[in-house]
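Chains, contacts and geometry: an overview
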Amino acid sequence: MTAAPPPVTAGGTKPMLAVRGVKTFYGNIMALKGVDVDVHRGEIVTLIGSNGAGKSTLMMTIFGQPRAREGQIVYDGRDITKMPTHEIAQLKIAQSPEGRRIFPRMTVFENLQMGASVDGFGHFDEDLLKVFDLFPRLKERINQRGGTLSGGEQQMLAIGRALMSRPRLLMLDEPSLGLAPLIVKQIFDAIRELNRAEGLTVFLVEQNAFHALKLAHRGYVLVNGLVTMTGAGRELLERPEVRAAYLEGGKH
Ligand SMILES: Nc1ncnc2c1ncn2[C@@H]1O[C@H](COP(=O)(O)OP(=O)(O)O)[C@@H](O)[C@H]1O
Ligand SMILES: [Mg+2]
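A few points on the structure. (Residues numbered from 1 in each chain as written. Chains lettered and ligands numbered in written order. Predicted model: local features only at pLDDT ≥ 70, side-chain atom pairs only at ≥ 80, totals over all residues. Heavy atoms only, no water.)

1. As for the overall build of the chain
Keep this limit in mind: Under the scheme used here, helices are H or I runs from DSSP no shorter than 4 residues and strands are E runs no shorter than 2 residues, and both carry numbers assigned from the N terminus. In this setup the radius of gyration rests on C-alpha atoms only. A globule is expected at 2.2 Å times the number of residues raised to 0.38. By definition, residues are in contact when any of their heavy atoms lie within 4.5 Å. The accessible surface values rely on the Shrake-Rupley method and a 1.4 Å probe; as for residues, cover is taken only from the protein chains in view.
Across its full length, the chain carries ten helices and ten strands. The C-alpha radius of gyration computed for the chain amounts to 17 Å, which stays within 12% of the reference 18 Å derived for 252 residues, consistent with globular compactness. With the C-alpha coordinates of the chain rotated into their principal frame, the extents come out at 45 × 40 × 40 Å. In the chain, once contacts between residues fewer than 6 apart in sequence are set aside, the share between residues at least 24 apart is 67%. For the chain, the exposed surface amounts to about 11,500 Å²; the carbon and sulfur share of it is 53%.

2. Examining the layout of surface pockets
Applied cut-off: Every definition here rests on a 1 Å grid over the protein atoms only: cavities are sets of points where a 1.4 Å probe fits but cannot get out, pockets are open sets enclosed by protein on both sides within 12 Å along at least five of seven lines, and lining residues have some atom within 4 Å of a point. Grid points are joined across faces, edges and corners, and a volume is the space filled by probe spheres set on the points. Residues were grouped as follows: Ala, Val, Leu, Ile, Met, Phe, Trp, Tyr, Cys and Pro as nonpolar; Asp, Glu, Lys and Arg as charged; and all remaining residues, including Gly, as polar.
Roughly 580 Å³ of volume is contained in the largest pocket. Along its surface, the largest pocket is lined by 21 residues, and Phe63, Ala89, Gln95, Val118 and Arg161 are the ones closest to its centre. Within the residue set of the lining of the largest pocket, elements represented by two or more residues are helix 2 (85-90), strand 6 (93-96), helix 3 (108-117) and helix 6 (151-164). Its residues assigned to classes, the lining of the largest pocket comprises eleven nonpolar, seven polar and three charged.

3. A closer look at the side chain of Lys55
This is how the line gets drawn: Contacts described as polar in this section are N or O atom pairs within 3.5 Å, which, within protein, must combine one atom able to donate a hydrogen with one able to accept it, while residues neighboring in sequence count only if both atoms come from side chains.
Residue position: Lys55 is located in helix 1 (residues 55-62). Within polar-contact distance, the side chain of Lys55 engages the backbone oxygen of Ser50 at 2.9 Å. Contact partners of Lys55, with chain neighbours within four places excluded, come to Leu47, Ile48, Gly49, Ser50, Glu174, Val205, Glu206, Gln207 and Leu222.

4. Brief notes about the packing of helix 6 against helix 7 (residues 181-198)
Cut-off, in case you're wondering: Lines fitted to C-alpha atoms define the axes, with helix axes restricted to the stretch in contact, and inter-axis angles between N-to-C directions lie between 0 and 180 degrees. Any angle that falls under 35 degrees is termed roughly parallel, while one over 145 is termed roughly antiparallel, one within 65 to 115 roughly perpendicular, and all others oblique. Each helix crossing is assigned a hand: it is left-handed if the near helix lies turned anticlockwise from the far helix by less than a right angle, otherwise right-handed if that turn is clockwise.
Relative to each other, helix 6 and helix 7 sit at 15 degrees, their axes nearing to 10 Å. One finds that helix 6 runs roughly parallel with respect to helix 7. Crossing handedness for the pair helix 6 and helix 7: right-handed. Contacts from Gly152, Gln155, Met156, Ile159 and Leu163 of helix 6 reach helix 7 at Ile183, Gln186, Ile187 and Leu194.

5. With respect to the coordination of the magnesium ion (ligand 2)
Here is the rule we go by: Atoms are scored as donors when they are N, O or S and lie within 2.8 Å of the metal, with 3.2 Å used for Na, K and Ca; no water is included, so coordination may look incomplete. Each residue's exposure class comes from its accessible area (1.4 Å probe, protein chains only) as a fraction of the maximum for that residue type: buried when under 20%, exposed when over 50%, partly exposed otherwise.
The protein atoms donating to the magnesium ion (ligand 2) are Ser56 (OG) and Glu98 (OE), with metal-donor distances spanning 2.0 Å. With Ser56 in helix 1 and Glu98 in the loop between strand 6 and helix 3, this residue pair connects regions lying 42 residues apart in the sequence. The buried category is assigned to Ser56, whose relative accessible area is 18%. You can call Glu98 partly exposed: its relative accessible area is 31%.

Treat this as a map of the structure, not an account of what it does.
As structure tokens, this is what we get:
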């Protein structure tokens, strides 16, 4: 796999998403301790970190559940720190949460319809074709219930559903979790293709540092609720600290 070329709009311009000094608590426990992250238009940005580092918490905080207790989240120049979650979804931020939470009793088609409801079904047929192009597997299983799909197919469906809402920013929480290497490659290739062909901006949260950093224009390392390193994806991959902490024991 080759890294995507740097986005033309990155650097110098205002970030599409700016997370500033964000602190998030669960009760008295501070899960995010003042996080700064930027995502520019057209970029793939990856956040890597071990289990429990706070990756999912950051993604959920951007969506307003839970709320940041301190700091600021700005999207497209608007402060969304206190905005209700359903209003945030209307801003064309889509999320594929950890654990691929599709609707298990609904068919593939119905799951994709649910995604399109956010966009008011204005481009349903066109978007459905795009999703099927990206993941032909889903087309073959269009009438199958979500819960009976394999893990990889469920992940494709979760991403497909997010895409049906026509996001401008796609946030993915550990899309590779529990999947076989070949399926992981298909999913990451699809993310790269979306970014390359449509300029879709992607914020990807992963424990799978090798693939995720290879794919990313820029990356962040989150340790225990704090960003400890940032840089170009490839550059982070070369750093001995990253290799030692996140790449030991195989590259899948
Ligand atoms: N709903 C919750 N209630 C209490 N603590 C939580 C909750 N969700 C996550 N945490 C804690 O917050 C920290 C960060 O968790 P999380 O964001 O899920 O990490 P990651 O996604 O990086 O694995 C962990 O210590 C976790 O135990
Ligand atoms: Mg998580």
